[in-house]
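# Fold and contact review
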2 protein chains.
Amino acid sequence: MRAFFHPDQQLHDPKQFMRVGRICGPNDLPTRTAALVGALRTRGVDPEVPAEAGLEPAASVHDARYLGFLESAYERWACIPGAGPEVLPNAAPYWNGSPERDARPGCRSPSVVAEACYYLGDLAVPIGPDTWQSALASSHSAWAAADAVIAGDKCAYALCRPSGHHARADRASGFCYLNNAAIAAQRLRSRFDRVAVLDVDAHHGDGTQEIFYRRSDVMTVSLHVDPEAYYPFFTGYADERGAGDGLGFNLNLPLKPRAGDVTVLGALDRALEAVARFGARALVVSLGFDMHRDDPLSMLGVKTAAYGEIGRRIADVRMPTVVVQEGGYRVCVIGACLGEFVDGLRAG
Amino acid sequence: MRAFFHPDQQLHDPKQFMRVGRICGPNDLPTRTAALVGALRTRGVDPEVPAEAGLEPAASVHDARYLGFLESAYERWACIPGAGPEVLPNAAPYWNGSPERDARPGCRSPSVVAEACYYLGDLAVPIGPDTWQSALASSHSAWAAADAVIAGDKCAYALCRPSGHHARADRASGFCYLNNAAIAAQRLRSRFDRVAVLDVDAHHGDGTQEIFYRRSDVMTVSLHVDPEAYYPFFTGYADERGAGDGLGFNLNLPLKPRAGDVTVLGALDRALEAVARFGARALVVSLGFDMHRDDPLSMLGVKTAAYGEIGRRIADVRMPTVVVQEGGYRVCVIGACLGEFVDGLRAG
């Protein structure tokens, strides 16, 4: 199994995020990548540096103005007298009146302060001096893994960091800037006519859902903690099934807190059945280790060994597969989870 | 001239707001009210305590679930282990897909954390233990001033604090929780068939605009710093003219930074002409002193004496008028501004 990782992905070094009204230390530590690289090496996998691919991967699923913002924001922000050390939004965008006026109409103000409010959906996506470079490199890892599968590999792993599944076409949120899984899926579409994205991060893959919500060529399936009382709160409900051409091509499987291994694996089976029924020719897995019982953000109580079983069951569907790393924040645990997952994937 | 103020309005004591990525000390200090009360007394006006009116004023323009949130939020929040000292949002709400799905559909999650994200539009509306009580009392002052004018007074002043003009039907923002000006306008409608709201705060009166955006019985006119580079960024542009039945009944007059007295007074004249053309039978003035050149948030460079001229020109339209206090954050300046304004109003 080939794996991809660019050392620039460690540069992003967020200082803070807000949780229940308090500014806290960051969860997405740069040391996460070393833990994951270490786990790959114990399995004999040495991650390759992905080819430089510029903006093409990101532009395949993201809005051009959004990318322009991400690229320029820090430098513009740093020119503001008294500005904080990271670009952060301080207000939510909105516009006038009711329903039909409420579409996202673009950010009318050219101010970077306004654009931060428009393009950054929460306080967990600070932009520092190296954020863009890391996010871009992360997208290259996803793109390269998709290319490996397009070239005939059964499976490839993209060690993406920053993560991607909360990033919408024109909005960062939840530690995510560029949607690596969506980028991989879009790349796979150049070779496979039907692609599925299976999201097993503890959080709803809301960005991925949004990007493909009106499309029937990419199915999105996510299992996650019930958003009734868990981030991202506003999506991830079972009745979100897609819209327009995409109706019926989105499946959410919300799980009650403390679901545990058996329930999670049961939901995984339902998800994989849906992927098979859809007739997917290739699969992207958004792999988060924040379902683990020791994760600071999780509530599902999943044990390390369950990631081996998740890998095995995914391998059993025998589909060309790109695995994209998403969350998982307990640095001393995620390496073991990845090791188990890789073992399972190979045994399947 | 009668004036209204409830001592509970001083209780709200916010600890922070976020500005350009930094948590700062609050602008809306409780001492603002003492400065304004003092200025009234120098003009021989002793503010009266408004009658207790319960939820009726707020409910006349706000969503019931929003009011339920404001009332209950602090107590629910304080039960969360590790929660910060004030209710704050950490993410912007959103929902799926594109245009037609983007209306505000209500907050699906019953979690107070999610509701804070849904109902609080920015980081300048923290909810502390006394916020609801102060906001409710502020709405009573606006209601009482409207009642005085309905009873035949030529003019009445509501010393509202917290302010109101950024509060939408279901969203707090910009130090505002309940829209006192909208509440006064709605109350005046029980007696006058056409009411105008004239907003001379330095910031666009986005909440007031939104509440009446589709109505032709209440015209909203706002002069303010051009939102291209100034809060609230997303509305306040000249081409926002109302919608549906309200088309043509909203007027925005954005002003370039450093506009100064002459330009501001010229815009005021245009605003008052529009109010006259509309055929308003009564007027609500959203009065902010943050256009003043010493205000920490302003960029317009208005001098104290200009507030006298503003009062005079408003008096000259000879319309039953409720003046509602909005912003103005330089405590040592706002009293003089109010004194000048009252003098002008009486001289008109």
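Residues numbered from 1 in each chain as written. Chains lettered and ligands numbered in written order. Predicted model: local features only at pLDDT ≥ 70, side-chain atom pairs only at ≥ 80, totals over all residues. Heavy atoms only, no water.

## A few points about the overall build of chain A
The secondary structure content of chain A amounts to 10 helices and nine strands. With the principal axes as the frame, chain A shows a C-alpha extent of 55 × 40 × 40 Å. Residue pairs at least 24 apart in sequence account for 77% of intrachain contacts in chain A once pairs closer than 6 positions are excluded. Summed over all atoms, the accessible surface of chain A reaches about 11500 Å², with 51% contributed by carbon and sulfur. Taking the average place of the 35 positive charges on the side chains of chain A and the average place of its 41 negative ones, the gap between the two points comes to 3 Å. (Helix = DSSP H or I, 4+ residues; strand = E, 2+ residues; numbered from the N terminus. Contact = heavy atoms within 4.5 Å. Areas by Shrake-Rupley, 256 points an atom, 1.4 Å probe, with all protein chains shown as cover. Lys, Arg positive; Asp, Glu negative; His and termini not counted. Charge placed at Lys NZ, Arg CZ, Asp CG, Glu CD.)

## Considering the interface of chain B and chain A
In this complex, chain B contributes 59 residues to the contact, which on the side of chain A involves 58 residues. Of the roughly 5000 Å² buried between chain B and chain A, counting both surfaces, carbon and sulfur atoms make up 57%. Our count for the chain B to chain A interface comes out at two salt bridges. Of the charged contacts, one joins Arg108 of chain B and Asp239 of chain A as a salt bridge, the two residues approaching to 2.9 Å between their closest N and O atoms. Linking chain B with chain A are 20 residue pairs in polar contact (both at pLDDT 80 or more). Elements with a minimum of two residues in the side of chain B that touches chain A: strand 3 (22-24), helix 4 (112-119) and helix 7 (206-212) of chain B. When residues of the side of chain B that touches chain A are assigned to their parent elements, the largest contribution, four residues, is made by helix 4 of chain B. (Buried area = accessible area lost by both parts, 1.4 Å probe. Salt bridge = Lys/Arg side-chain N within 4 Å of Asp/Glu carboxyl O. Polar contact = N/O pair within 3.5 Å; in protein donor to acceptor, adjacent residues only side chain to side chain.)

## So, the pattern of salt bridges
Under the defined criterion, the tally for this structure stands at 38 salt bridges over all chains. Of the charged contacts in the structure, one is a salt bridge between Arg312 of chain B and Glu309 of chain B, with a shortest N-O distance of 3.0 Å. With Arg312 of chain B and Glu309 of chain B both in helix 9 (residues 304-316), this residue pair falls three residues apart, about one helical turn. For Arg312 of chain B, a relative accessible area of 31% corresponds to the partly exposed category. Between Glu309 of chain B and Arg313 of chain B there is a salt bridge; the shortest N-O distance is 2.8 Å. One end of the pair, Glu309 of chain B, and the other, Arg313 of chain B, are both in helix 9, four residues apart, so they sit about a helical turn from each other. By relative accessible area, which is 22% here, Glu309 of chain B ends up partly exposed. On the accessibility criterion, Arg313 of chain B (24% relative accessible area) is partly exposed. By sharing partners, the salt bridges in this structure join Asp269, Glu309, Arg312 and Arg313 of chain A into a single network. (Buried < 20%, exposed > 50% of the residue type's maximum accessible area, 1.4 Å probe, protein only.)

## What about helix 3 (residues 64-78) of chain B?
All names here are of chain B. Counted at 1.5 Å a residue, the expected span for helix 3 with its 15 residues is 21 Å, and the 22 Å between its end C-alpha atoms agrees. Bending of helix 3 peaks at approximately 50° at the position of Ser72. Among the residues of helix 3, those classed as buried are Tyr66, Leu67, Phe69, Leu70, Ala73 and Trp77. Considering only its buried residues, helix 3 is in contact with helix 2 (56-59), helix 4 and helix 5 (131-150). Between the side-chain oxygen at the start of helix 3 and the backbone nitrogen of Arg65 there is a gap of 3.1 Å, and the oxygen is on Asp63. (Expected span 1.5 Å × (residues − 1). Bend = angle between axes of the 7 residues up to and from the residue.)

## Observations regarding the side chain of Thr208 of chain B
Its place among the elements puts Thr208 of chain B in helix 7. A distance of 3.1 Å separates a polar atom in the side chain of Thr208 of chain B from a polar atom in the side chain of Asn179 of chain B.

## Comments concerning the sheet that holds strand 8 (residues 282-287) of chain B
In a beta sheet, neighbouring strands are held together by backbone hydrogen bonds and run either parallel or antiparallel to one another. Residue and element names in this part refer to chain B. Taken in spatial order, the seven strands of this open sheet run 1-4-9-8-5-6-7, and their pairing is parallel. Among the strands making up the open sheet, the edge pair consists of strand 1 (2-4) and strand 7 (250-255). Recorded for the sheet is a direction-independent mean angle of 15° between the axes of neighbouring strands. Here helix 8 (residues 260-278) sits on the sheet in contact with strand 5 (195-199), strand 6 (218-225), strand 7 and strand 8, set at roughly 170° to strand 6. (Pairing = 2+ DSSP bridges. Axes fitted to C-alpha atoms, helices over the stretch in contact; angles between N-to-C directions.)

## Observations concerning the side chain of Asp226 of chain A
Residues and elements named next belong to chain A. Within the fold, Asp226 resides in the loop between strand 6 (218-225) and strand 7 (250-255). Judged by relative accessible area, which is 12%, Asp226 ranks as buried. Within the structure, the side chain of Asp226 is placed 2.7 Å from the side chain of Lys256, a separation counted as a polar contact. Setting aside its immediate chain neighbours within four residues, Asp226 contacts Tyr237, Pro254, Leu255 and Lys256.

## Description of the sheet that holds strand 9 (residues 321-325) of chain A
Residues and elements named next belong to chain A. Taken in spatial order, the seven strands line up as 1-4-9-8-5-6-7 in an open sheet, and their pairing is parallel. Here the strands that pair on one side only, and so sit at the sheet edges, are strand 1 (2-4) and strand 7. Strand-to-strand, the axes of this sheet are offset by a mean angle of 15°, without reference to chain direction. Of the strand pairs in this sheet, strand 4 (residues 155-158) and strand 9 are connected by four bridges, and their pairing is parallel. Of the residues in strand 9, the one forming a bridge with Cys155 is Thr321.

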